[in-house]
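Descriptive structure summary
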Amino acid sequence: MPFSHGAACPPSRLATHRATATMGETPEPSPQAPLAVLSKVELRVSCKHLLDRDTLNKSDPCVLLLMQSQGQWMEVDRSEIIKSNLNPVFAKIFTVDYYFEEVQKLRFEVYDSHGHAGVGTHDDDFLGGMECTVGQIVAQKRVTKPLFLKYGKFAGKSTITVISEEISGNNGYVELAFRAKKLDDKDLFSKSDPFLEIYRIDDDRSEQLVYRTEVVKNNLSPIWEPFKVSLNSLCSCEEKRKLRCVVWDYDSRGKHDFIGEFFTTFEEMQKAMGENKVQWDCMNPKYKLKKRNYKNSGVVVLLDLKIHRVYSFLDYIMGGCQIHFTVAIDFTASNGDPRNSCSLHYINPYQPNEYLKALVAVGEICQDYDSDKKFSALGFGARIPPKYEVSHDFAINFNPDNDECEGIQGVVESYQSCLPKIQLYGPTNVAPIISKVARVAANEERTKEASQYFILLILTDGVVTDMADTREAIVRASYLPMSIIIVGVGNADFTDMQILDGDDGILRSPKGEPVLRDIVQFVPFREFKNASPTALAKCVLAEVPKQVVEYYSYKAFPPRCPQSDTPDSNLSSPQ
């Protein structure tokens, strides 16, 4: 989509509108929508072939990150300035909060800075901008797009690349069991009382305490209790990150005596998995300098290491898992004659009906996670040509061999062209469509990979007629990679539909078999009639990330391994 660069706010003005909710503060939950599972995403930015705005030198680029909030663009953060470089790789890492159920619009603006004057906002300083969503970046992991000047004009051959990485800390944890042998004795009348500390060494060379063991009294060969730490805490999920381990002799006054230290990495620690053990010399640097025959101040042994992986929704998405979106539309006679303005299917040229509003609100979120942007669109409860027999799972594009439409707009167009060709009838049977999508999901399950997850959106104006068959179909579907969203359209009494949503109890088949997972979310559209279009999507999609993780965790399918995405090696580094 062409980038439109309007009159940019000066930085000082932008700073007063900082999008603080995207920088680590959790927004207040809406009374209409549950707060989603939250992850944080790191964004790394680089550019190529920037315009040269300077006469004597090259441009001095800086990137501003803006996020749309309530229709306004607000600055979230900005990068450092890289001097005289048209192919910059910025060291600054942008951090944003990520919500699956929202369209989070981002705008990256690149400016040529002018020394102490900072980042200018005149058109002459503007090197180009790009708009996208957080969803697009995390789904693709790496996004490269052209930069645009105002009025949609290309900024020459300029491009911007944004790479995402999840930092939710939900990548699992590790269980460690240490002991030591023949530690130096620091006490005169008894043996040392040793404890172990592990520090993570961060990129700025600062040290962060990860874990401190208990004190083992009066023992030069202590065995410490096994303990668990998250991989994010231990090594920022980087196996080669250096760790500093220190052994102390405990002193009740707090003046602990230093026994020795050693350095390692999580990569090295993993050699202790299974029957193997890893050990390190515990070294005192002062003794090493002073004592000619100094060997060590003891030995520390890693007896056992167990990795417990806990994958997140973003782990699966960034591993290449696609979200396949199917919409099923109720064409029963209770909707009313589509030619009548009172019908729920009436096509008003000035305002979309409730079916279209719900379809677009949910579909626009899902389309960012489907690479081919093709969506299955089905209908039920109508007589369809050529024989005008009742069907409960027909393609609204009338192509039985390919029910997919090109994008959400393609679904809308198929819906509008379908209405004059069918006869609204009944009853409201949804089990056939659930079973149809479930058959496709079952084929996907056989691949034993986390490659595709299915979301079925059912739009209906009344309580389903085949409740027993629907319950049976949902129980079967709960064992498959799919979720079901049901939106009740119109003013019918949907009380009986709540039974399908397992929030108030466990849904069971007519024979009493419970669902494996709660995969159904039901909401009446009327509760969102006066809310913004995004409110419905927030509510019905908020459970999807949890449902995806629950399914793949139950099947023990790890995320697929994405290809390593790093900026091109020939990108110039800051000068």
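Thresholds, definitions, all that
Residues numbered from 1 in each chain as written. Predicted model: local features only at pLDDT ≥ 70, side-chain atom pairs only at ≥ 80, totals over all residues. Heavy atoms only, no water. Axes fitted to C-alpha atoms, helices over the stretch in contact; angles between N-to-C directions. Helix = DSSP H or I, 4+ residues; strand = E, 2+ residues; numbered from the N terminus. Parallel < 35°, antiparallel > 145°, perpendicular 65-115°, else oblique. Left-handed = near helix turned anticlockwise from the far one by under 90°. Contact = heavy atoms within 4.5 Å. Nonpolar A, V, L, I, M, F, W, Y, C, P; charged D, E, K, R; others polar. pLDDT = per-residue confidence, 0-100. Buried < 20%, exposed > 50% of the residue type's maximum accessible area, 1.4 Å probe, protein only. Polar contact = N/O pair within 3.5 Å; in protein donor to acceptor, adjacent residues only side chain to side chain. Core = buried A, V, L, I, M, F, W, Y, C linked by side-chain atoms within 4.5 Å. Pairing = 2+ DSSP bridges. Phe/Tyr/Trp six-rings, centres within 6.5 Å; stacked < 30°, edge-to-face > 60°. Lys NZ or Arg CZ within 6 Å of the ring centre and 35° of its normal.

Looking at an unreviewed UniProt entry, one finds the protein named Copine 7, with Accipiter nisus as its source organism.

Quick notes on the packing of helix α7 (residues 354–366) against helix α8 (residues 407–418)
For the pair α7 and α8, the least separation of the axes is 10 Å and the interaxial angle reads 160 degrees. Taken together, the axes of α7 and α8 are roughly antiparallel relative to one another. α8 is crossed by α7, and the crossing has right-handed handedness. The segment α7 lies against α8, with Tyr355, Leu356, Leu359, Val360, Gly363 and Glu364 engaging Ile408, Val411, Val412, Tyr415 and Gln416. Along the lines of polarity and charge, the residues of the contact of α7 with α8 split into eight nonpolar, two polar and one charged.

What to know about the confidence of the model for the protein
Averaged over every residue, the pLDDT of the protein is 84; residues scoring 70 or more account for 87%. The low-confidence segment residues 563–575, where pLDDT is below 50, has 30 contacts with residues more than four positions distant or belonging to other chains.

Observations concerning the side chain of arginine 244
As for its position among the elements, arginine 244 is in strand β13 (residues 242–249). Residue arginine 244 is classed as buried on the basis of its relative accessible area of 18%. A polar side-chain atom of arginine 244 sits 2.8 Å from a polar atom in the side chain of glutamate 261. Apart from the residues lying within four places of it in its own chain, the contact partners of arginine 244 are Glu197, Ile198, Tyr199, Ile201, Glu207, Glu261, Phe262 and Phe263.

Considerations on unusual backbone geometry
Note: most peptide bonds trans; most residues except glycine with negative phi. A cis amide bond links proline 385 to the next residue, proline 386, at an omega of 5 degrees. Tracing the chain through its elements places proline 386 in the loop between β19 (382–384) and β20 (389–391). In this structure, the amide linkage connecting glycine 426 to the following residue, proline 427, adopts the cis form with an omega of 0 degrees. Tracing the backbone shows proline 427 in the loop between β23 (423–424) and α9 (431–445). The phi dihedral of histidine 49 falls on the positive side, at around 55 degrees, and the residue is not glycine. Here histidine 49 shows up in the loop between β1 (39–48) and β2 (61–69). Taking relative accessible area as the criterion, histidine 49 reaches 47% and is therefore assigned partly exposed. Here the phi dihedral of lysine 373 falls at roughly 55 degrees; this positive angle occurs in a residue that is not glycine. As for its position among the elements, lysine 373 is in the loop between α7 and β18 (374–380). Note on lysine 373: relative accessible area 30%, which makes it partly exposed.

Quick word on the nonpolar core
In terms of nonpolar packing, the biggest core is built from 96 residues, with Phe108, Phe325, Phe331 and Leu541 touching the most fellow members. When residues in this core are grouped by element, the largest group, eight residues, is from α7. Beyond its immediate chain neighbours, meaning those up to four positions away, phenylalanine 325 contacts Leu359, Val362, Gly363, Cys366, Asp370, Phe375, Ser376, Ile408, Ile455 and Leu457. Judged by nonpolar contacts, the second largest core, of 32 residues, contains Phe380, Ile433, Ile474 and Met482.

Focus: the sheet that holds strand β15 (residues 278–281)
What the four strands build is an open sheet, ordered β12-β9-β16-β15; its pairing is antiparallel. Only two strands of the sheet have a single partner each, and these edge strands are β12 (227–230) and β15. With direction set aside, neighbouring strand axes in the sheet form an average angle of 35 degrees. As paired elements, β15 and strand β16 (residues 299–308) share four bridges and run antiparallel to each other. Among the inter-strand pairings, glutamine 279 is bridged to a residue of β16, identified as valine 301.

What to know about helix α10 (residues 467–477)
Buried within α10 are the following residues: Met467, Thr470, Ala473, Ile474, Val475 and Ala477. Buried residues along α10 sit in contact with α9, β25 (482–488) and β26 (520–524).

Considering the pairing of strand β10 (residues 194–201)
Counting buried positions along β10 yields eight of eight residues, so the element is predominantly enclosed. A two-sided burial pattern is seen for β10, the buried positions comprising Pro194, Leu196, Ile198 and Arg200 on one face and Phe195, Glu197, Tyr199 and Ile201 on the other. In this sheet, β13 lies alongside β10 in antiparallel orientation, the contact comprising seven bridges. Bridge pairing in β13 links leucine 196 to valine 247. Bridge count for β10 against strand β11 (residues 207–212) is five bridges, and the pairing is antiparallel. Residue pairing in the sheet places isoleucine 201 in a bridge with glutamate 207 of β11. Where β10 folds back onto β11 in an antiparallel hairpin, the turn is made up of five residues, including arginine 205, whose phi is positive at roughly 70 degrees.

Side note on the environment of proline 432
Tracing the sequence through the fold places proline 432 in helix α9. With 41 residues separating them along the chain, proline 432 and alanine 473 place their C-alpha atoms 8.3 Å apart. Not counting residues within four places of it along the chain, the set of residues in contact with proline 432 comprises His392, Asp393 and Asp466.

Description of the packing of aromatic side chains
In total, this model carries 22 aromatic pairs according to the counting rule given. Ring geometry for tyrosine 211 against phenylalanine 227: centres 3.9 Å apart, planes inclined by 5 degrees, an arrangement best described as stacked. Here phenylalanine 227 lies in strand β12 and tyrosine 211 lies in strand β11, a separation of 16 residues in the sequence. Judged by centre distance (5.7 Å) and plane angle (75 degrees), the rings of tryptophan 248 and phenylalanine 258 are edge-to-face. On the criterion of sequence distance, the pair formed by tryptophan 248 in strand β13 and phenylalanine 258 in strand β14 (residues 257–265) is long-range, its members being 10 residues apart. Its relative accessible area of 21% is what places tryptophan 248 among the partly exposed residues. Here a set of aromatic residues connected by ring pairs shows up, and it is made of Tyr311, Tyr316, Tyr453, Tyr551, Tyr552 and Phe557. The residue whose ring lies beneath arginine 383 is tyrosine 425, and the NZ or CZ to ring-centre distance is 4.0 Å.

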